[in-house]
Amino acid sequence: MNSLTRASWCLASLAALLSRAPAAAQPLPVAPPLAPLAYYELAPGASRPTGWLRKQLEIMRDHSTGHLDETYPKLRDHNGWLGGPGDGGEETPYWLDGAVPLAHLLQDKPLLAKVQRYVDWALANQRPSGYFGPLTKAEQQAGHLLDVQGPQGEDWWPRMVMLKVMQQHYQATHDARVLPFLTKYFRYQLANLPVAPLSQWSEWSTTRGGDNLLIVYWLYRQTGEPFLRELGERLYQQATPWTAYLGQRNWVMAAAANQTGEHWMDRHGVNVAMGLKLPVVYAQAHPEQPQLPQALRTGWQDIMTLHGLPAGMFSADEDLHGNLPTQGTELCAVVETMFSLEQAAVITGETPYLDALERIAYNALPTQTTDDYESRQYFQVANQVQVARGVFDFSLPFEHGMNNVFGPYAGYTCCTVNMHQGWAKFATHLWYATPGQGLAALEYAPNTLTTNVNGTVPVTIKEETTYPFGDQVDFVVDLKRPTAFPLALRVPAWCAEATVLLNGQPLRTDKGGQVITIARTWRPADRLTLRLPMAVRTSNWARNSRTLERGPLVYALKIKEQWQESRQAEEGRYFTITPLSPWNYGLPRAVVDDPAHTTTVAVKPLAAGATGFYWNAANAPVEITVGGRRLPAWQLDGGVAPQPVTPRDGVYKGDVAAATETLTFIPYGCTKLRVVALPVIP
Ligand SMILES: [Zn+2]
């Protein structure tokens, strides 16, 4: 955290303490402090992306993230969030939720000015009651703002997204208008939830109430206002009971078995992705309830066991839908799971969530958008041997069959507007402040961090790396004078043993699956090197299929692609992709038994600051080659590649071609067509 954030946190602690102090005239209600956080978020923009990450974010700025308000009619025309009669739903706040952090990460003046208009309009047009947002239907008829109360308002849900926008805007700017604005709105919520509960207008508000609660507790840490605790209890009571769902397991089992219309909102992949965080968000106010963090541990493991796919996500097409590699995942579920894990990291500090976040960011996320960040898939499929129109094995077949193709609007437009938070928030959550006045690098990517340690001592740390492709991360510390502070580093669970060097000299070695802390007096120009050896390994998936992995990346068979552009009347421009090379290969058992000696890894030498775009098949910086043989019977059926069955020994018993061919695997995130989960052959 920078000094201002830390100062405001201290003020909140002080306010919370004062609220407990005996007052002479009128005692204030008791409002104890929230549980300490494991880590503290830094201001968006404290770390500036460099290298490949900067390139990724600049592409977003130059394309859809920076220009969606000019190209997408729903945002462009008479926008409700700027006071117009146009769309006042979730889509504009969704876009801002990624565009605001992106503007600060890149310190991009045009984008900063663009997003500021929406923030300013919301702040300037808060009703006297505390309600905010686009004009209600009654206000539009009246032609001016009214003092909206209770059922006169409109759905809580789009406002929940805007709360996250306001929080990030405040973290970046300390705009003095934000805390009073949020305080006034939350007073409005407390007064009105009894007559207009979360479920008043939509089930979205009920299933996603945890995001509302997150900002209530964040504000409490800033101001210590006791009423926020009461509001927190009310929101938790009215929200979907994700704690019981995740912790008590009956819901998980029922959700795995049922595809009915009953309670479908509770199996909807994006709702689940967002609901995951609720138990630990609420745990901030109830550290006496160990079942709260346990609910997330249990639920996350159960969901990934029943629905997990190799790229780190659970199936969500659009309900939770099992672990077969023919299943899909919605892009909104990807970015919302990432956000939930970023918040779980702040609150709990537990390393499995940090590893899970990295796995999604570096595998599931990059594959689902085109190189220019203009088109995306609604559903990505694990073993995606073609990209085509159809309904396939999805649980929600839209009538146009557009869920799997790439396009700006194909499938449903939530992903068009919500996808921007994925990379942007990952980039603002590489570094955290620690309670010990130090810093923690919990996700690795090239960037330069500028912040304070020990309250007020400025420090700059250049993180030089080609991670996740390369296996070394260098931290170059820039200080005016020697300063003691702890520097925490995550050693991923996949790493058998990490080596840490200081100025080129071995300092320590550490096993994977933990956060290590190096507490010392840092001197100007100190260079700390983290080496994370990336041995090739395999992991086990549905029907005894196997995935090649190396470090944080999972690898998939490279398939030659032919792209075709078309138009659909309602959903516009879209792309399909046809395979031009065979995909029906098996992985020999010898590779599973000894991946290190049966595979060849070729890593393209990239300079530490390499600024290219690497998330496509042509530019993939790492290739793994391995001998494999075809399974003639493994063919498309209903547009998908049904996973071959095997007996318990896991080895396919059908016909296998005699000829061994050299297969090339590239990072899953660099593929559009792929086989990631392969049958094992003799
Ligand atoms: Zn979506």
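Each chain has its residues counted from 1, following the order in which its sequence is written. Local features in this predicted model are restricted to residues whose pLDDT is 70 or higher, and side-chain atom pairs enter the listing and the counts only when it is 80 or higher, whereas totals over whole chains, interfaces and linings include all residues. With hydrogens and water stripped out, all remaining heavy atoms of the structure feed into the side-chain values.

K.L.:
Would you mind going over the overall build of the protein with me for this structure?
P.N.:
Under the DSSP-based scheme used, a helix requires at least four consecutive residues in state H or I and a strand at least two consecutive residues in state E, with every element numbered from the N terminus. When helices and strands are counted, the protein shows 23 helices and 26 strands. It is over C-alpha atoms that the radius of gyration is taken, and the globule rule equals 2.2 Å times the number of residues to the power 0.38. Since a compact globule built from 682 residues should have a radius of gyration of about 26 Å, the 25 Å found for the protein is in line with a globular shape. Only heavy atoms matter for contacts: two residues are in contact if any of them lie within 4.5 Å across the pair. Contacts in the protein between residues at least 24 apart in sequence constitute 71% of all its contacts with a sequence separation of at least 6. For the protein, the accessible surface area stands at approximately 24,000 Å², while carbon and sulfur atoms represent 54% of it. Charge centroids of the protein, computed over 56 positive and 61 negative side chains, lie 5 Å from each other. Per-residue and other accessible areas follow the Shrake-Rupley method at a 1.4 Å probe size, with only the shown protein chains counted as cover for residues. Charge counting follows a simple rule: Lys and Arg are positive, Asp and Glu are negative, and His as well as the terminal groups are ignored. In this description, the location of a charge corresponds to atom NZ of lysine, CZ of arginine, CG of aspartate or CD of glutamate.

K.L.:
Looking at this structure, I do not really get the nonpolar core. What am I missing?
P.N.:
Nonpolar side chains in soluble globular proteins generally cluster together in the buried interior. Buried residues of nine kinds, namely Ala, Val, Leu, Ile, Met, Phe, Trp, Tyr and Cys, make up a nonpolar core once their side-chain atoms join them within 4.5 Å. Partly exposed residues are those whose accessible area sits between 20% and 50% of the maximum for their type, while under 20% is buried and over 50% is exposed, using a 1.4 Å probe and protein chains only. The biggest cluster of nonpolar side chains holds 214 residues, and the ones touching the most others in it are Phe186, Phe314 and Trp423. No other element matches the 12 residues that helix 18 (residues 331-348) contributes to this core. The contacts of Trp423, once residues within four sequence positions are left out, are Trp52, Leu53, Gln56, Leu57, Met60, Ala361, Tyr362, Leu365, Pro366, Tyr373 and Trp615.

K.L.:
Whenever I open this one, the coordination of the zinc ion confuses me. Can you help?
P.N.:
Ideal geometry at a metal gives 109.5 degrees between four tetrahedral donors and either 90 or 180 degrees between six octahedral ones. Donor atoms: N, O and S within 2.8 Å of the metal, or within 3.2 Å for Na, K and Ca. Because water is excluded, sites can look incomplete. For the zinc ion, the protein coordination sphere consists of Glu330 (OE), Cys332 (SG), Cys414 (SG) and Cys415 (SG), at 2.1 to 2.3 Å. Seen from the zinc ion, its four donor atoms lie at angles of 94 to 125°, and the figure they make is tetrahedral. For the zinc ion, all donor residues lie on one chain, and their spacing in sequence is E-x1-C-x81-C-C. Labels for metal geometry use angle windows, namely 85 to 135 degrees for all angles of a four-donor tetrahedral site, and for square planar (four donors) or octahedral (six donors) sites opposite donors over 155 degrees apart plus all others within 65 to 115; sites meeting none of these are irregular.

K.L.:
Would you explain empty space enclosed by the protein in this entry?
P.N.:
Picture a little ball the size of a water molecule; that probe, rolled over the atoms, points out where space is still empty. A 1.4 Å probe that fits but cannot get out identifies a cavity on a 1 Å grid over protein atoms alone, an open set with protein on both sides within 12 Å along at least five of seven lines counts as a pocket, and a residue lines either if it has an atom within 4 Å of a point. Grid points are joined across faces, edges and corners, and a volume is the space filled by probe spheres set on the points. Applying the stated criterion across every chain, the model contains seven cavities of 30 Å³ or more. Roughly 90 Å³ of volume is contained in the second largest cavity. Elements supplying a minimum of two residues to the lining of the second largest cavity: helix 8 (156-173), helix 18 and helix 21 (420-428). Looking at the lining of the second largest cavity element by element, the count peaks at four residues for helix 8. Just so you know the grouping, Ala, Val, Leu, Ile, Met, Phe, Trp, Tyr, Cys and Pro go in nonpolar, Asp, Glu, Lys and Arg go in charged, and all remaining residues, Gly too, go in polar. Its residues assigned to classes, the lining of the second largest cavity shows three nonpolar, six polar and four charged.

K.L.:
How do you make sense of the sheet that holds strand 1 (residues 40-41) when you look at a structure like this?
P.N.:
Paired through their backbone hydrogen bonds, the strands of a sheet run either parallel or antiparallel. If you walk across this open sheet you meet the five strands as 1-7-8-12-15, and the pairing is mixed. Every other strand in the sheet has two partners, leaving strand 1 and strand 15 (514-522) as the edge strands with one partner each. Should DSSP find at least two bridges between two strands, the strands are regarded as paired. In terms of strand pairing, strand 8 (residues 439-441) meets strand 12 (residues 483-491) through three bridges, oriented parallel. Opposite Leu439, over in strand 12, you have Leu487 as the bridge partner.

K.L.:
Looking at this structure, I do not really get the layout of surface pockets. What am I missing?
P.N.:
Estimates place the volume of the largest pocket at around 630 Å³. As for the largest pocket, its lining consists of 25 residues, of which Trp300, Met304, Pro352, Ala356 and Arg359 are closest to the centre. The set of elements that each furnish at least two residues to the lining of the largest pocket consists of helix 17 (291-307), helix 19 (351-367) and strand 17 (536-541). Of all the elements, helix 19 adds the most residues to the lining of the largest pocket, at six residues. Class assignment of the residues belonging to the lining of the largest pocket gives a composition of 12 nonpolar, six polar and seven charged. The computed volume of the second largest pocket comes to approximately 270 Å³.

K.L.:
In this structure, what is going on with the packing of helix 18 against helix 21? I would like to understand it.
P.N.:
Two quantities define a packed helix pair, namely the angle between the axes and the distance from one axis to the other. Orientation of helix 18 relative to helix 21, taken along the N-to-C sense of each, is 25°, at an axis distance of 8 Å. Put simply, helix 18 runs roughly parallel to helix 21. Seen along the crossing, helix 18 lies across helix 21 with a hand that is left-handed. Residues Val335, Glu336, Met338, Phe339 and Glu342 of helix 18 form the contact with helix 21, whose participating residues are Gln421, Gly422, Lys425 and Phe426. A per-class count over the contact of helix 18 with helix 21 returns four nonpolar, two polar and three charged. The axes are straight lines fitted to the C-alpha atoms, using for helices just the contacting stretch, and the angles between their N-to-C directions are given from 0 to 180°. Oblique is the label for any angle not covered by the other classes, which are roughly parallel (under 35 degrees), roughly antiparallel (over 145) and roughly perpendicular (65 to 115). The crossing is said to be left-handed when, going from far helix to near helix, the turn is anticlockwise and less than a right angle, and right-handed when the turn is clockwise.

K.L.:
Would you explain the pattern of salt bridges in this entry?
P.N.:
A side chain of one charge can pair with a side chain of the opposite charge when the charged atoms of the two come close. Whenever Lys or Arg places a side-chain nitrogen within 4 Å of a carboxyl oxygen from Asp or Glu, that contact is recorded as a salt bridge. As enumerated under the stated definition, the model contains 31 salt bridges in all. Among the ionic pairs, Asp120 bridges to Arg177, the shortest N-O distance being 2.7 Å. With Asp120 in helix 6 (residues 109-124) and Arg177 in the loop between helix 8 and helix 9 (178-192), this pair connects stretches of sequence that are 57 residues apart. Overall, Asp120 belongs to the partly exposed group, its relative accessible area being 27%. With relative accessibility at 37%, the residue Arg177 sits in the partly exposed group. For Asp649, the salt bridge identified is with Lys653, shortest N-O distance 2.9 Å. Salt bridges here are not isolated pairs; linked through shared partners, they connect Asp97, Lys164, Asp211, Lys277 and Lys425.

K.L.:
Sorry if this is basic, but what is going on with helix 14 (residues 250-257) here?
P.N.:
An α-helical turn contains 3.6 residues, so any two residues separated by three or four positions project in the same direction. By the burial criterion, the buried members of helix 14 are Trp251, Val252 and Ala255. Down the axis, helix 14 shows its buried residues gathered within 100° of arc, on one side only. What points out from helix 14, more than 90 degrees from its buried face, is the exposed set Asn250, Met253 and Ala257. Elements that come into contact with the buried residues of helix 14 comprise helix 13 (242-248), helix 15 (269-275) and helix 17. The arc under discussion is defined with respect to the helix axis, by the directions toward the C-beta atoms.

K.L.:
Hey, could you run me through the environment of Arg648 in this one?
P.N.:
Along the polypeptide, Arg648 turns up in the loop between strand 24 (622-630) and strand 25 (661-667). What makes Arg648 exposed here is its relative accessible area of 86%. Sequence spacing of Arg648 and Asn544 is 104 residues, and the spatial spacing of their C-alpha atoms is 8.1 Å.

K.L.:
It is not clear to me how helix 11 (residues 209-223) should be interpreted in this structure. Could you clarify?
P.N.:
Helix span, expected: 1.5 Å multiplied by one less than the number of residues in the helix. Spanning 15 residues, helix 11 covers 21 Å between terminal C-alpha atoms, matching the ideal 21 Å at 1.5 Å per step. The buried fraction of helix 11 amounts to 14 of the 15 residues, a majority that puts the element mostly inside the structure. A positive phi of about 70° marks Gly224, the residue just after helix 11.

K.L.:
Honestly, the sheet that holds strand 14 (residues 505-511) in this entry has me stumped. Any pointers?
P.N.:
In spatial order, the strands read 2-9-10-11-16-13-14; together these seven strands make up an open sheet with antiparallel pairing. In this open sheet, the two edge strands, each paired with only one partner strand, are strand 2 (47-49) and strand 14. Within this sheet the neighbouring strands show an average axis-to-axis angle of 20°, counted without direction. Sheet topology note: the strand 11 (residues 472-478)/strand 16 (residues 527-531) ladder contains five bridges and is antiparallel. Residue Val473 lies in a different strand from strand 16, and its bridge partner there is Leu530.

K.L.:
Where do I start with the packing of aromatic side chains in this structure?
P.N.:
For any pair of aromatic rings, the description rests on two quantities: the centre-to-centre distance and the angle between the ring planes. Working definition: a ring pair exists when centres of Phe, Tyr or Trp rings (six-membered ring for Trp) sit within 6.5 Å. Plane angles under 30 degrees give stacked, over 60 give edge-to-face, the rest tilted. Within the structure shown, the criterion is met by 40 aromatic pairs. Their ring planes at 75° and their centres at 6.4 Å tell us that Trp423 and Phe426 sit as a pair that is edge-to-face. Residue Trp423 and its partner Phe426 are both found in helix 21; the two are separated by three residues, about one turn of the helix. Of the two residues, Trp423 and Phe426, neither departs from the other in class, the shared state being buried. Ring geometry for Phe469 and Tyr614: centres 6.1 Å apart, planes at 70°, overall edge-to-face. Of this pair, Phe469 sits in the loop between strand 10 (457-465) and strand 11 while Tyr614 sits in the loop between strand 23 (599-603) and strand 24, and the two are 145 residues apart along the sequence. By the burial criterion, Phe469 is buried, and Tyr614 matches it.

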